[in-house]
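Observations on chain architecture
Residue-level listing of the chains:
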Amino acid sequence: MIVSYKYRAYPDATGEARLHEALDTCRWLYNKLLEECTTAREAGVAPTMRGMQARIVTLKEENPFLKDVYSKVLQMVNYTLWSNLRALSQTKKKGRKIGKLRFKSATRYRTLNYNQSGFKIDREHSTITFSKIGTIPFTVAIDRTRER
C-alpha cells in the first residue's frame, strides 16, 4: 500500500522568499546541466547521469549560492533532467518526431523534490520543516491511499 499526502502550505514572507530562492537556484542548475549535456553531445561526447551528478559538486565550488539549497534537492534536479531525457528518447524510439528539451523559465520550473530526507512533518502542530528553508505551516489538502 502506498500512502501519499498533498499539503497546502502557508509560508510567511521570509519562508516564501526562501522557497523562491531555492526554486530559482534549482531552475538555474537544471538549465546549466541541460546546457552542458547539449554542449557535450554537440562535441561528440556522451554525457552520463553519474558524470552530471559529480558536476554538481564542482558547480557548488564555483557558485556558492548552490550551497543554500539542500544537496538531495540538487541531486533530484539532475534526476529530473535525466528522466526528461529518457522520456524524450523513448518517444523517439516509438517513431515520433521530437525536438529538444527546453530551458526552463520561472513559470515552467515550480517543484522542489525532497525525496528521502531534509524535511520533517509535524502533524500535531501542522508544520513542515525543510532543510535550509525553514518551518512552514500547512493544512492537509488531500490524503490518498492506493494499492499497488
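Everything below is about the structure printed above this text.
Residues numbered from 1 in each chain as written. Predicted model: local features only at pLDDT ≥ 70, side-chain atom pairs only at ≥ 80, totals over all residues. Heavy atoms only, no water.

1. Examining the packing of aromatic side chains
By the definition in use, this model includes five aromatic pairs. Ring centres 4.5 Å apart and planes at 70° place the aromatic pair Tyr-7 and Phe-138 in the edge-to-face group. With Tyr-7 in strand 1 (residues 2-9) and Phe-138 in strand 4 (residues 134-146), the pair connects residues that are 131 residues apart, well separated along the chain. Classification of Tyr-7 as partly exposed rests on a relative accessible area of 25%. (Phe/Tyr/Trp six-rings, centres within 6.5 Å; stacked < 30°, edge-to-face > 60°. Helix = DSSP H or I, 4+ residues; strand = E, 2+ residues; numbered from the N terminus. Buried < 20%, exposed > 50% of the residue type's maximum accessible area, 1.4 Å probe, protein only.)

2. Regarding the pattern of salt bridges
Inspection of the entire model under this criterion finds four salt bridges. For Arg-55, the salt bridge is made with Glu-36, and the minimal N-O distance between the two is 2.9 Å. Of the two residues, Arg-55 is situated in helix 2 (residues 49-62) and Glu-36 in helix 1 (residues 13-42); the sequence distance between them amounts to 19 residues. Given the relative accessible area of 21%, Arg-55 is considered partly exposed. Sharing partners across several salt bridges, the network here consists of Lys-32, Glu-36, Arg-55 and Glu-62. (Salt bridge = Lys/Arg side-chain N within 4 Å of Asp/Glu carboxyl O.)

3. Observations regarding the environment of Ile-133
Topologically, Ile-133 is positioned in the loop between strand 3 (127-130) and strand 4. Given the relative accessible area of 4%, Ile-133 is considered buried. As for Ile-133 and Tyr-5, which are separated by 128 residues in sequence, their C-alpha atoms are 20 Å apart. Excluding residues within four positions of it along the chain, Ile-133 makes contact with Gly-15, Arg-18, Leu-19, Ala-22, Leu-112 and Tyr-114. (Contact = heavy atoms within 4.5 Å.)

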